[in-house]
Amino acid sequence: MDLRSWLSDGVDAVEDWQATFEPWEPHGSLLISDEQFARAFRSFAERLRENYPFFHPSYAGQMLKPPHPAAVAGYLAAMLINPNNHALDGGPATAQMEKEAVAQLAGMFGLATHLGHLTTSGTIANLEALYIARELHPGRAVAYSADAHYTHSRMCGVLGVEGIAVPVDGGGRLDLGALDALLAGGRVGTVVATAGTTGLGAVDPVREVLAIARAHGARVHVDAAYGGFFTLLAGAEGLGIDPAPWRAIADCDSVVVDPHKHGLQPYGCGAVLFRDPDVGRFYLHESPYTYFTSDELHLGEISLECSRAGAAAAALWLTFQLLPPTPDGLGRVLAACRRAALSWASLLADSAVLDLYQPPELDIVSYFPSARPLTMSAIDEASARMLAEGMADKAHPVFLSTLRVTADALTGRHPGVVGDRDGARILRSVLMKPEAEDVVPELHARCERLAAS
Ligand SMILES: Cc1ncc(COP(=O)(O)O)c(C=O)c1O
């Protein structure tokens, strides 16, 4: 699609609508000349060049990529109106779009019933899930794996709830034996299962976690902020994605997924969904200055945030019209990312200068230089050097990220590594652009050159 022309159509569409109202003029205090704007814009555009090239296949670092052009066109056109999805008074059209897009997300997870909304981030979406956890089980703790996102322990602190980190198994997944033993004590009211950890993309065994939690009267929240859209590949041939944890999400109590990660959206677009719509009662509040145009549900009545960008809902809705959250829609994008991770993992497994840290479960590949001597210190130093030199190479750069792992985690997976210190940085690449599939051999060759230099 020709983004330039669609952006211009977006401006036309909004101006056409505006022209159906009586003529008006912007206030003089807001007027600036094109010359003034050109000056400011030139320096602004220059400042933007200080970014890393998230759009480019040579960027294989963090969870970052530009949104789909359809999302950009939808966001910018809606932003010209700037609706606020807090209430139907503030964003009647985009609030409806939000409800429809959220229903599509619920359908993607197979939820038979749901109550949910978009949020500005995965952090806020998880905060909401933990808030409901606290209201339903006051005084009881929240358990999450030691590899869960730091937001869980932090938000437990914010909510005044005890947070307990449960050890992980040899693949970075929540350890079921340790969870069972912890829950037997009766202290825990909610277990957080992560479907795609931030560091390694490990998928906690949601089905087994659910069975253990239910046996002990605990709830289950699934943090699928990063991994959630991989449910579209559950059981797909040749991609090695075990369907069991993904299918179990439908029976869990809540789930978070971030369209601003794998849903092709700009920041900030997270989402939280609850299986039981009745939890809406915990959001009840008085608002004498809003909720006046309709008796229908206003999204602010089921959300902790007040103002939220209607444009974010517009962008997601428009994207889903074209690439819906189905195996044949968005699923094709994720499948390419997954294939990229699998093919890089097999190259790494055969490399003489790089080692695969652990097989990727989704599209995060973890690896480290086979430094000599093979000690934690040497691996740490070589990983940091590869990161810096990869970015600094002007002609053939490669942009990676590092992951700090403990000595137990590294030597447990690779007994040949000497644990001469507590932890080390290894390398991590999130292959979240489908284009990665075509450049894996080149990325691998560049990393091998860096490792050998
Ligand atoms: C599993 C998981 N949960 C929560 C978050 C936090 O989401 P956000 O950065 O959108 O606040 C992340 C971010 O990477 C994540 O990977």
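Just above, that's the structure.
All of the points below concern the structure found in this document. (Residues numbered from 1 in each chain as written. Predicted model: local features only at pLDDT ≥ 70, side-chain atom pairs only at ≥ 80, totals over all residues. Heavy atoms only, no water.)

## Considerations on the overall build of the protein chain
Looking only at helices and strands, one finds 15 helices and eleven strands in the protein chain. For 453 residues, the compact-globule formula gives about 22 Å, and the C-alpha radius of gyration of the protein chain, at 24 Å, lands near that figure. The C-alpha extent of the protein chain, read off along each of the three principal axes, is 75 × 60 × 40 Å. Considering the protein chain as a whole, with its 453 residues, one finds that 51% of them fall into the buried category. If you take every contact in the protein chain between residues at least 6 apart in sequence, the share linking residues at least 24 apart comes to 73%. Accessible surface computed for the protein chain: about 20600 Å², of which carbon and sulfur atoms make up 56%. Computed over 34 positive and 53 negative side-chain charges, the inter-centroid distance for the protein chain is 6 Å. (Helix = DSSP H or I, 4+ residues; strand = E, 2+ residues; numbered from the N terminus. Rg over C-alpha atoms; globule rule 2.2 N^0.38 Å. Buried < 20%, exposed > 50% of the residue type's maximum accessible area, 1.4 Å probe, protein only. Contact = heavy atoms within 4.5 Å. Areas by Shrake-Rupley, 256 points an atom, 1.4 Å probe, with all protein chains shown as cover. Lys, Arg positive; Asp, Glu negative; His and termini not counted. Charge placed at Lys NZ, Arg CZ, Asp CG, Glu CD.)

## Topic: the pairing of strand β7 (residues 270-274)
Within β7, five of the five residues are buried, which leaves it mostly tucked inside the rest of the structure. The two faces of β7 match: G270, V272 and F274 on one face and A271 and L273 on the other face are all buried. In this structure, strand β6 (residues 254-257) lies alongside β7, joined through four bridges in antiparallel fashion. Pairing of V255 across the sheet is with L273, part of β7. (Pairing = 2+ DSSP bridges.)

## So, the packing of helix α5 (residues 122-136) against helix α6 (residues 151-159)
Where α5 meets α6, the closest approach of the two axes is 10 Å, and the angle between their N-to-C directions is 50°. Looking at the two axes, α5 sits oblique to α6. Here α5 runs over α6; the crossing is right-handed. Residues T123, N126, L127, L130, Y131 and R134 of α5 form the contact with α6, whose participating residues are T151, H152, M155, C156 and L159. Broken down by class, the residue content of the contact of α5 with α6 amounts to six nonpolar, four polar and one charged. (Axes fitted to C-alpha atoms, helices over the stretch in contact; angles between N-to-C directions. Parallel < 35°, antiparallel > 145°, perpendicular 65-115°, else oblique. Left-handed = near helix turned anticlockwise from the far one by under 90°. Nonpolar A, V, L, I, M, F, W, Y, C, P; charged D, E, K, R; others polar.)

## Re the side chain of S401
With respect to the helices and strands, S401 occurs in strand β10 (residues 401-406). Residue S401 is classed as buried on the basis of its relative accessible area of 4%. Not counting residues up to four positions away in its chain, the partners in contact with S401 are A60, G61, Q62, L387, I426, L427 and R428.

## A look at the site of the ligand
Near the ligand, the surroundings consist of 14 residues, among which G122, T123, T198, D223 and H260 are the closest. Between the ligand and the protein, one listed contact pairs an oxygen atom with a side-chain N or O atom of K261 at 3.1 Å. Protein burial of the ligand: of its 390 Å² of free accessible surface, 85% is covered by the chains. At the level of secondary structure, the elements contributing two or more residues to the shell around the ligand comprise α5 and α10 (259-262). Sorting elements by how many residues they give to the shell around the ligand places α5 first, with three residues. (Near = heavy atom within 4 Å. Polar contact = N/O pair within 3.5 Å; in protein donor to acceptor, adjacent residues only side chain to side chain.)

## Details of the nonpolar core
If you look at the biggest cluster of nonpolar residues, it comprises 61 residues, and the most contacted ones within it are L183, V222, F229 and W246. For this core, the element with the most residues is helix α4 (residues 92-109), which contributes six residues. When near neighbours in sequence (up to four residues on either side) are disregarded, W246 contacts A195, V203, G227, G228, F230, T231, A234, I241 and L362. By size, the runner-up hydrophobic cluster in this structure holds 26 residues, among which are V192, V256, F274 and F282. (Core = buried A, V, L, I, M, F, W, Y, C linked by side-chain atoms within 4.5 Å.)

## Points about the sheet that holds strand β8 (residues 354-358)
Overall, antiparallel pairing links the four strands, which are arranged β8-β9-β11-β10 in an open sheet. Single-partner strands in this sheet number two, and they are β8 and β10. Going across the sheet, the axis of each strand differs from the next one's by a mean of 45°, ignoring polarity. Relative to strand β11 (residues 423-430), strand β9 (residues 364-369) runs antiparallel, the two sharing four bridges. Looking across to β11, one finds that I364 is bridged to V430. The strands touched by helix α12 (residues 330-349) are β8, β9 and β11; relative to β9, the strand with the most contacts, the crossing angle is about 20°. In the packing of helix α13 (residues 376-392) onto the sheet, contacts are made with β8, β9, β10 and β11, and the angle to β11 comes to roughly 40°.

## Thoughts on a negative patch on the surface
Residues D9, D12, E15 and D16 make up a contiguous surface patch of negative charge. Here E15 is to be found in helix α1 (residues 3-18). Given the relative accessible area of 46%, E15 is considered partly exposed. (Patch = residues over 30% accessible without salt bridge, like charges linked within 9 Å, V, L, I, M, F, W, Y side chains within 5 Å. Salt bridge = Lys/Arg side-chain N within 4 Å of Asp/Glu carboxyl O.)

## Comments concerning the side chain of D204
Topologically, D204 is positioned in the loop between β4 (188-194) and α8 (206-215). In this structure, D204 is buried with no salt-bridge partner, the nearest side chain bearing the opposite charge being R173 at 6.5 Å. Only 2.8 Å separates the side chain of D204 from the backbone nitrogen of L174, close enough to count as a polar contact. A polar side-chain atom of D204 sits 2.8 Å from the main-chain amide nitrogen of T194. Leave out the neighbours within four places in its chain, and D204 touches S145, G172, R173, L174, V192, A193, T194 and P245.

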